[in-house]
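# Remarks on the overall topology
Each chain is listed here by its residues.
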Amino acid sequence: MKSLKPVLLAIALVSPFTTFAAVPTGYLASYQSTIDAAGREGKLTIYATTDIKLVQPLIADFRSLYPGVQVEYNDVNSTELFNRYVSETAAGGASADVLWSSAMDMQVKLVNDGYALQYNTPEAPGLPEWAHWRNEIFGTTFEPVTIVYNKRLVAPADVPKTHGDLVKLLQSKPDQFRDKVTTYDVEKSGAGFLFATQDSKINPSFWQLAASLGATGVKLQSSTGTMMERISSGENLIGYNILGSYALTRAKKDPNIGVVLPTDYTVIISRLMMISKTAKSPNAAKLWVDYVLSKRGQMILSDKAELFTVRKDLNADAAGMNVYANVKSVLKPVPVGPGLLVFLDQAKRLDFMKQWRAATVRK
């Protein structure tokens, strides 16, 4: 599990007294006042679930544009991000200016509960309608939820192409896959809870799949990295509902890793970004949101972090919908909005957890 580790990325690219970059092309001239105010604030605090190693190039480029703004980046898991921010805000203390998380439902709950600053970003027209809500929260990536397997130890004929295939495989070869399948612990991983609940809305056979996982003695983890390591080593053979951005990146470097985008349907999630209504540096936060959503920021996310952009106006190597054009008909982006709150209702959440435990605990 990630712990909250603030990293102050005050890269000494230029003197902090150097004039900021010009107003971005296409922005109103009045945007200069936001840039100037951000310089007076001098610091930006981010709580995020994206690994610090992935975003260092993004932060470095941001600071090349706005050298007077230091960036404190806190790499934390989704559940801790939510709980830490809510508790700090309730206590009236300092907290994040920007929250950036792959747990879409938890981010939308923060917005719905009144924690977000409304901001009409100039970059909103570049986003599809499903990727933003109420000028308060914005999708930044286009990421598939995948099935991952060990290419050395899972025969090509056994590789599941659909969710139904996975059920059939686990039911037909229980001995081969006993204690060899892994997925997120939905009680500890906010992102894992999101993926599972979205599956349950799309797949009428979801609970049959969950029961098949339980029958094999599925290993539950809160970390994508842990699951990838165990699949690569052969300790586990198959990973269900694994965040594809990390899996696809690992597969390029690790010959043991295979990744499947299920052909019956592939859930697409987006890391959601919001500005805190109580931000100490709201202008620096606006610069960051605009930069990450801009073509320049999105290209760096795509090139350096291999997180495909939601923008429709970038080249085929960067835009997720273009990269996955051959399976476009089965892609199921999760719409940003109140629909994500359904399973965060306390009664529904507890009922889902109860059903999940009953299905996944091997009898």
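As a reminder, the structure under discussion sits directly above these lines.
Okay, so let's go over this structure. Keep in mind that this is a model prediction, so the values were computed, not measured.

### Things to note about the pattern of salt bridges
Counted by the stated rule, this structure contains 13 salt bridges. In this structure, Glu72 and Lys43 form a salt bridge, with 3.1 Å as the shortest nitrogen-oxygen distance. Placement of the pair is Glu72 in strand β3 (residues 70-75) and Lys43 in strand β2 (residues 43-48), with a sequence separation of 29 residues. Across the pair Arg250 and Asp254 runs a salt bridge, and its minimum N-O distance is 3.0 Å.

### Examining helix α5 (residues 163-172)
Taken together, the buried positions of α5 are occupied by His163, Leu166, Val167, Leu169 and Leu170. Looking down the long axis of α5, one finds its buried residues gathered within 165° of arc, a one-sided arrangement. Relative to its buried face, α5 has exposed residues pointing more than 90 degrees away, namely Lys168 and Ser172. The inward-facing, buried residues of α5 abut α6 (174-177), β8 (181-184), α7 (190-202), α8 (206-215) and β10 (238-243). One side-chain oxygen of the residue at the start of α5 lies 3.3 Å from the amide nitrogen of Gly164, identifying that residue as Thr162.

### Considerations on the side chain of Arg63
Take Arg63: it is sitting in helix α2 (residues 52-65). Polar side-chain contacts of Arg63 include one of 2.6 Å to the backbone oxygen of Val69.

### Describing helix α11 (residues 282-293)
In this model, α11 (twelve residues) spans 17 Å end to end at C-alpha, consistent with the 16 Å of a helix rising 1.5 Å per residue. Residues Asn283, Ala284, Ala285, Leu287, Trp288, Val289, Asp290, Tyr291, Val292 and Leu293 constitute the buried set of α11.

### Focus on the packing of aromatic side chains
Using the criterion set out here, one finds 15 aromatic pairs in the structure. Judged by centre distance (5.6 Å) and plane angle (85°), the rings of Phe193 and Phe352 are edge-to-face. One end of the pair, Phe193, is in helix α7; the other, Phe352, is in helix α14 (residues 346-360), and 159 residues separate them in sequence. Overall, the relative accessible area of 1% leaves Phe193 in the buried class. By relative accessible area, which is 2% here, Phe352 ends up buried. Ring geometry for Trp288 and Tyr291: centres 6.2 Å apart, planes at 40°, overall tilted. Pair noted here: Trp288 and Tyr291 are both in helix α11, with a separation of three residues, about one helical turn. With relative accessibility at 4%, the residue Tyr291 sits in the buried group. One aromatic cluster in this structure is built from Phe193, Phe206, Trp207, Phe343, Phe352 and Trp356. Here the basic side chain of Arg134 rests over the ring of Trp133, its NZ or CZ set 4.2 Å away from the ring centre.

### So, the layout of surface pockets
Considered as a void within the structure, the second largest pocket measures approximately 310 Å³ in volume. Around the second largest pocket, the lining comprises 15 residues; the ones closest to its centre are Pro24, Thr25, Tyr27, Ser294 and Arg296. Those elements that place two or more of their residues in the lining of the second largest pocket are α11 and α12 (295-305). For the lining of the second largest pocket, the element with the most residues is α11, which contributes three residues. Per-class residue counts for the lining of the second largest pocket are nine nonpolar, two polar and four charged.

What counts, and at which threshold
- Residues numbered from 1 in each chain as written.
- Predicted model: local features only at pLDDT ≥ 70, side-chain atom pairs only at ≥ 80, totals over all residues.
- Heavy atoms only, no water.
- Salt bridge = Lys/Arg side-chain N within 4 Å of Asp/Glu carboxyl O.
- Helix = DSSP H or I, 4+ residues; strand = E, 2+ residues; numbered from the N terminus.
- Buried < 20%, exposed > 50% of the residue type's maximum accessible area, 1.4 Å probe, protein only.
- Arc of directions from axis to C-beta.
- Contact = heavy atoms within 4.5 Å.
- Polar contact = N/O pair within 3.5 Å; in protein donor to acceptor, adjacent residues only side chain to side chain.
- Expected span 1.5 Å × (residues − 1).
- Phe/Tyr/Trp six-rings, centres within 6.5 Å; stacked < 30°, edge-to-face > 60°.
- Lys NZ or Arg CZ within 6 Å of the ring centre and 35° of its normal.
- 1 Å grid on protein atoms, 1.4 Å probe; cavity = no way out; pocket = protein on both sides within 12 Å on 5 of 7 lines; lining within 4 Å.
- Points joined across faces, edges and corners; volume = space filled by probe spheres on them.
- Nonpolar A, V, L, I, M, F, W, Y, C, P; charged D, E, K, R; others polar.

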